[in-house]
Amino acid sequence: MDLVAAVGLQILYGIANLALISLGLAIIFGMMRVINLAHGEFLMLGGYTVVVAANAGVNIWIAMLILAPLVVGVIGVVVERLLIRWLYGRMIDTLLATWGLSLLFIGLVTSIFGASTATTISPPLGVISIGEYTSSAYELLLIGITAALGIAVFLALKMTNLGLVARGTMQNAEMASALGVSTSRIYMITFGVGAAVTGLAGGLLAPVTGVLPTIGSVYIAKAFITVISGGAAILAGTASASVLLGGVNGIAAFLTGPTIGEVALLLTAIVLLRLMPRGITGGIFRKSL
Amino acid sequence: MTLARDVRGMLAVAAVGVLFMLVAPSVLELFTIINLTTAIALAVLALSLALIWGYGGILCFGQNAFFGIGAYAYTIAAINFGGSSWAILVAILVAVAFAVIIGYVMFYGRVSDVYLAVITLTVSLILYSLIRRTSGPDYKIGKSLLGGFNGITSPPINLPWDSSFVLFPEHVFYVAMGGLILAYLFTSWLTRTHFGRVCVSIRENELRAELLGYDVRFYKLAIFAVGAGIAGLAGVLFCNGVGRVTPDVFNLYTSALTIIWVIVGGRGTLIGPILGAFGLFYLTSALGTQSTVNNNLVLGIILVVFVLGVPKGVIPTVADWIAARRSRRALRVRERRMRMRRTRGGSGAGVGAGRGSPDGTGAAARASE
C-alpha cells in the first residue's frame with residue numbers, strides 16, 4: 001500500500017513536472033501557432049535568476065515566485081518586440097530565429113557565469129514520509145503549484161476581459177483585428193505571459209536540477225513533444241498530453257528504468273501523432289481551452 | 001541552353017572537387033588533411049539537408065539523428081564484422097530504415113511543417129539522452145559496448161578485398177572527398193530527374209502537386225529516406241575522420257549547426273550548404289582556440305542575422321546579384337546599339353525602337369526578378 005502511494009506520487013510528480021515545463025510553451029503555441037525554440041533557455045534564465053538572487057540574499061520564495069517570472073517575462077516582451085514581431089506569418093523563420101536566440105542566450109550566459117554549474121541552492125522544505133518510504137515535500141509543493149498555475153490560466157482566459165480578447169484572437173486573428181483588437185499587442189502580451197510562466201517553472205525547478213547554461217536541452221525534448229501531442233488547446237492539450245506521456249514515462253521508468261521511460265514516452269507520442277496528427281485536442285476535446 | 005549550362009556548372013564543381021582531392025595531400029600538412037576529413041564529412045551532412053530541405057521542402061531539424069545513427073551503426077557493425085566494407089552498407093541502410101519509420105509516421109500522418117521540425121529535433125534529442133545512458137557492460141550490441149558518454153572507438157576503413165589492410169588518415173581523406181563528390185553528383189542528378197522535379201513541385205505547392213495526381217506522401221518519404229542515407233554516409237566518414245563516435249553527434253549543438261550551414265549557404269542550392277559547412281567549420285575551430293567570444297553566441301547571432309537579413313542565404317543572393325548585373329549590362333549594351341542605329345538611319349528609328357522595346361522590357365523584367 002505504501003509502495004503504491006509512493007510510486008503513485010512519483011508518477012504524479014512526473015506528470016506535474018511535464019505540465020510545468022510545457023505550459024509556457026503551450027500558451028505561446030496555442031495563441032500564435034509558433035513553437036518557441038528558445039523555450040529551454042527561458043527555463044534556464046528563470047533558474048539563473050533564482051540562483052543569482054538567492055546568492056545575493058533575496059528570500060528564496062520571493063526569488064522563485066516573483067523575480068523569476070518577472071525577469072523572464074520582461075525578457076520575453078523585449079524578444080517579441082525586437083525579433084518575433086517582424087516574423088509573423090513566416091512560421092519557419094520564426095522557428096529559426098528563436099533557435100538563433102536560444103544559441104545566443106546559451107552563449108551569453110556562458111560568457112557571464114561560466115560553463116559549469118553556478119552555486120547551487122538546495123530545495124527548501126524537508127522530506128515527508130509515506131509509511132516506510134520518503135518523498136520530498138518540495139515535490140509535493142510543485143504538484144500543488146502546477147495545479148494552481150493551470151487553474152490561474154483557466155480563470156484568466158475565461159473570466160477576464162483580456163482573456164476573452166485573447167481567445168478571440170486565437171480563434172480568428174483577422175476577425176478580432178477587424179473588431180478593433182490590436183492583435184500585435186495581444187501577441188506581445190501572450191509572449192510575455194508565456195515567457196513569465198516558463199521563467200516561473202525554471203525558477204521552481206532550479207533547486208531540484210541545478211543550473212547550467214545548457215540545461216535547457218534537458219527540458220525541451222519533453223516540453224516540445226508534450227505540446228505537440230497536446231495540440232493547440234492550451235490547457236486541455238497540456239493536461240491531457242502530460243497525463244498520458246507522464247503516465248507512460250512514469251510507469252515504464254518504474255518497471256524498467258529511466259532510459260526505457262523516455263523511449264516509451266517518445267514512442268507513445270509518435271504513435272499518437274500517427275493517429276491524431278493535430279494532437280489530442282485536434283482529435284478530441286476540440287472546443288476546449 | 002540553360003540545361004546545358006546547368007550540367008556544365010555541376011561538372012565544373014565536381015572537377016574542382018577532384019582537383020582539390022588530388023592536389024591537397026601534397027600541398028597541405030597531415031594535420032590539416034585530417035581536419036579536412038572531418039569538415040568533408042560535415043559537408044556531406046549539409047548536402048543531405050540541402051537535398052531534403054532545399055529541394056524536398058522538408059524542414060528536418062534533426063538531420064544529425066541519421067548522421068549519428070550512421071556513425072554508430074558503422075562502428076558497431078565494423079567491430080562485429082571485423083571489416084568495414086559491409087559496415088558502410090549497413091550504416092546507410094540502418095539510417096534509411098530509421099528514416100522510413102519516422103517518415104512514415106510523419107508524412108502518412110500528414111504532420112504539418114512546424115510539427116515535423118519539432119518531432120525530428122525531439123527524436124535527435126531523445127537519442128542523445130538515450131545513448132548517453134548506455135555506459136557499462138550491460139549495454140552492448142554483439143561484440144561492441146555502446147560506451148555511454150565516452151562513445152566508441154571506430155575501426156578505420158579497410159580495403160574492400162583485404163580487411164587487414166587498414167587505411168591511414170591521409171587515405172581516409174581520399175575516401176571522404178570521393179564520397180562528397182559522388183554524393184554531390186548523385187544529388188545533382190537526382191534533382192534533375194523526374195522524381196526530383198516532382199519533389200520541387202511539391203515544395204512549391206503541395207496541394208497542386210497532389211491534384212495533378214502525385215502521391216505527395218510517397219515522394220516526401222522517398223526523398224527523406226534518400227537524404228537520411230546520405231546523412232548516414234556522412235556519419236561513416238565523420239567517425240573515420242575523428243576516430244570515434246560519441247553521443248555528441250545527436251546533441252542540440254550539432255542539430256543547430258546543420259541548420260545553420262544550410263541557411264547560410266542557401267536553400268535551394270547544393271553547393272551553398274557544402275561551402276557553408278566548410279566555412280563554419282573553420283570559423284568554429286578558430287573560435288574554439290580563443291575564449292573571449294563564446295561559440296554559441298556567434299552562431300546564434302549568425303542565425304538571427306541571416307533569418308532576418310539574408311533569408312535566401314549567401315549563394316542564391318550572390319547569384320541573384322550577378323544575374324541582375326549581367327542583365328542590366330545586356331540591357332545597356334542593347335540600348336547603346338539601338339541609339340547608334342537610330343542616329344545612323346533617321347527614318348528607321350521608330351521601327352527600331354518598336355522592335356527594341358519588347359527585348360528591353362524582357363531584360364528589365366528578368367533583372368527585377
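Residues numbered from 1 in each chain as written. Chains lettered and ligands numbered in written order. Predicted model: local features only at pLDDT ≥ 70, side-chain atom pairs only at ≥ 80, totals over all residues. Heavy atoms only, no water.

Novice: Kindly report on the overall build of chain B, identifying the contributing residues and their values.
Specialist: Helix and strand counts for chain B come out as 14 helices and 6 strands. C-alpha extents for chain B along the principal axes are approximately 95 × 55 × 50 Å. Within the span of chain B, comprising 369 residues, buried residues form 50% of the whole. Taking contacts inside chain B between residues at least 6 apart in sequence as the whole, the part at least 24 apart equals 77%. (Helix = DSSP H or I, 4+ residues; strand = E, 2+ residues; numbered from the N terminus. Buried < 20%, exposed > 50% of the residue type's maximum accessible area, 1.4 Å probe, protein only. Contact = heavy atoms within 4.5 Å.)

Novice: How would you sum up the overall build of chain A? Please name residues and give values.
Specialist: A tally of helices and strands in chain A yields 12 helices and 2 strands. Walking chain A from its N terminus toward its C terminus, one meets helices and strands in the order α-α-α-α-β-β-α-α-α-α-α-α-α-α. Relative to the compact-globule value of 19 Å for 289 residues, chain A shows a C-alpha radius of gyration of 19 Å, a close match. Across its three principal directions, the C-alpha atoms of chain A cover 60 × 45 × 35 Å. Of the roughly 11,900 Å² that chain A leaves accessible, carbon and sulfur atoms contribute 70%. Computed over 12 positive and 8 negative side-chain charges, the inter-centroid distance for chain A is 18 Å. (Rg over C-alpha atoms; globule rule 2.2 N^0.38 Å. Areas by Shrake-Rupley, 256 points an atom, 1.4 Å probe, with all protein chains shown as cover. Lys, Arg positive; Asp, Glu negative; His and termini not counted. Charge placed at Lys NZ, Arg CZ, Asp CG, Glu CD.)

Novice: Requested: an account of helix 2 (residues 39-55) of chain A, with residues and values cited.
Specialist: Residues and elements named next belong to chain A. Helix length check: helix 2, at 17 residues, gives a terminal C-alpha distance of 25 Å against a target of 24 Å (1.5 Å per residue), a fit within 8%. The element helix 2 is largely enclosed, with a buried count of 15 among its 17 residues. Among the residues trailing helix 2, Gly57 stands out with phi positive, at a value near 100 degrees. (Expected span 1.5 Å × (residues − 1).)

Novice: Give a description of the packing of helix 3 (residues 63-81) of chain B against helix 9 (residues 216-242) of chain B that names residues and reports values.
Specialist: All names here are of chain B. Contact pair helix 3 / helix 9: the axes reach a minimum separation of 7 Å and the direction vectors enclose 55 degrees. Of the possible angle classes, the one that applies to helix 3 and helix 9 is oblique. Crossing geometry of helix 3 relative to helix 9 is assigned as right-handed. Contacts from Gln63, Phe66, Phe67, Gly70, Ala71, Tyr74 and Thr75 of helix 3 reach helix 9 at Phe224, Gly227, Ala228, Ala231, Gly232, Ala234, Gly235, Val236, Phe238, Cys239 and Asn240. Residue composition of the contact of helix 3 with helix 9, grouped by class: 11 nonpolar, 7 polar and no charged. (Axes fitted to C-alpha atoms, helices over the stretch in contact; angles between N-to-C directions. Parallel < 35°, antiparallel > 145°, perpendicular 65-115°, else oblique. Left-handed = near helix turned anticlockwise from the far one by under 90°. Nonpolar A, V, L, I, M, F, W, Y, C, P; charged D, E, K, R; others polar.)

Novice: Outline a nonpolar patch on the surface, listing residues and values.
Specialist: Residues and elements named next belong to chain B. Together, Val18, Leu19, Phe20, Leu22, Val23, Val27, Leu28 and Tyr174 give the surface a local cluster of nonpolar side chains, amounting to about 690 Å² of exposed area. For the nonpolar patch, the element with the most residues is helix 1 (residues 2-27), which contributes 6 residues. Checked against the element boundaries, Leu28 lands in the loop between helix 1 and helix 2 (30-55). On the basis of relative accessibility, which here comes to 33%, the residue Leu28 falls in the partly exposed class. (Patch = residues over 30% accessible without salt bridge, like charges linked within 9 Å, V, L, I, M, F, W, Y side chains within 5 Å. Salt bridge = Lys/Arg side-chain N within 4 Å of Asp/Glu carboxyl O.)

Novice: Describe in detail the interface of chain B and chain A, supporting the description with residues and values.
Specialist: With 42 residues of chain B at the interface, the matching set in chain A holds 39 residues. For the pairing of chain B and chain A, the buried interface totals around 3,700 Å² over both sides, and the portion due to carbon and sulfur atoms is 80%. Area buried by chain B at its contact with chain A is led by Val114, Tyr115 and Ile126 of chain B, which between them contribute 17% of it. Taken together, chain B and chain A are joined by 0 salt bridges. On inspection of chain B and its partner chain A, the count reaches 2 residue pairs in polar contact (both at pLDDT 80 or more). Within the residue set of the side of chain B that touches chain A, elements represented by two or more residues are helix 4 (85-108), helix 5 (113-132), helix 10 (252-265) and helix 12 (295-309) of chain B. Ranked by the residues each element gives to the side of chain B that touches chain A, the list is headed by helix 5 of chain B, at 13 residues. (Buried area = accessible area lost by both parts, 1.4 Å probe. Polar contact = N/O pair within 3.5 Å; in protein donor to acceptor, adjacent residues only side chain to side chain.)

Novice: Tell me about the nonpolar core, and please be specific about residues and values.
Specialist: Core analysis: the biggest nonpolar cluster contains 198 residues, and Ile35 and Trp99 of chain A together with Phe61 and Phe224 of chain B have the highest contact counts within it. The biggest single contributor to this core is helix 2 of chain B, with 17 residues. When neighbours within four sequence positions are excluded, Ile35 of chain A is seen to be in contact with Phe29, Leu95, Thr98, Phe224, Val227 and Ile228 of chain A together with Val114 and Val118 of chain B. (Core = buried A, V, L, I, M, F, W, Y, C linked by side-chain atoms within 4.5 Å.)

Novice: Could you give me a rundown of the environment of Gly230 of chain A, with the residues and numbers involved?
Specialist: Residue and element names in this part refer to chain A. Within the element layout of this structure, Gly230 appears in helix 9 (residues 216-230). In this structure, the C-alpha to C-alpha distance between Gly230 and Ile60, residues 170 residues apart in sequence, is 33 Å. In contact with Gly230, other than residues within four places in its own chain, are Gly237, Ala241, Gly279, Ile280 and Thr281.

Novice: Quick rundown of the pattern of salt bridges? Include the residues and the values.
Specialist: All names here are of chain B. Tallied over the full model, the rule gives 7 salt bridges over all chains. Note that Asp215 is salt-bridged to Arg217, the shortest N-O span being 3.3 Å. With a relative accessible area of 32%, Asp215 lands in the partly exposed category. Take Arg217: its relative accessible area is 27%, and that puts it in the partly exposed class.

Novice: Run through the packing of aromatic side chains, naming residues and quoting values.
Specialist: In this structure the tally under the stated criterion is 18 aromatic pairs over all chains. Geometrically, the ring pair formed by Phe186 of chain B and Trp189 of chain B is tilted, given 6.0 Å between the ring centres and 35 degrees between the ring planes. Remark: Trp189 of chain B and Phe186 of chain B occur in helix 6 (residues 169-192); sequence separation between them is 3 residues, near one turn of the helix. Three or more aromatic residues joined by ring pairs form one cluster here, namely Phe66, Phe98, Phe107 and Phe224 of chain B. The ring of Trp86 of chain A has Arg85 of chain A sitting right over it, with the charged end atom 4.5 Å from the ring centre. (Phe/Tyr/Trp six-rings, centres within 6.5 Å; stacked < 30°, edge-to-face > 60°. Lys NZ or Arg CZ within 6 Å of the ring centre and 35° of its normal.)

Novice: Report on helix 13 (residues 314-344) of chain B, specifying residues and quantitative values.
Specialist: For helix 13 of chain B, with 31 residues, the first-to-last C-alpha span of 45 Å sits near the 45 Å given by 1.5 Å per residue. Of the positions making up helix 13 of chain B, those classed as buried are Pro316, Ala324, Ser327, Leu331 and Met338 of chain B.

Novice: Go over the side chain of Thr238 of chain A with me, naming the residues and quoting the values.
Specialist: Within the element layout of this structure, Thr238 of chain A appears in helix 10 (residues 234-256). Those residues within four positions of Thr238 of chain A in sequence are excluded, and the remaining contacts are Ala19, Ser22, Leu23, Ala26, Thr226 and Ala233 of chain A.

Novice: Go over the environment of Tyr214 of chain B, please, and point to the residues and values.
Specialist: Residues and elements named next belong to chain B. With respect to the secondary-structure elements, Tyr214 resides in the loop between helix 8 (206-211) and helix 9. Owing to a relative accessible area of 27%, Tyr214 belongs among the partly exposed residues under this scheme. Along the sequence, Tyr214 and Val198 sit 16 residues apart, while their C-alpha atoms lie 7.9 Å from each other.

Novice: Can you explain the packing of helix 2 of chain A against helix 4 (residues 91-113) of chain A? Please cite residues and give values.
Specialist: Residue and element names in this part refer to chain A. Closest axis-to-axis distance for the helix 2/helix 4 pair is 10 Å, and the angle between their directions is 25 degrees. Our classification of the angle between helix 2 and helix 4 gives roughly parallel. Along this stretch, helix 2 crosses helix 4, giving a crossing that reads as left-handed. Touching Glu41, Phe42, Met44, Leu45, Tyr48 and Val52 of helix 2 are Ser102, Phe105, Ile106, Val109 and Phe113, all from helix 4. Grouping the constituent residues of the contact of helix 2 with helix 4 by class yields 9 nonpolar, 1 polar and 1 charged.

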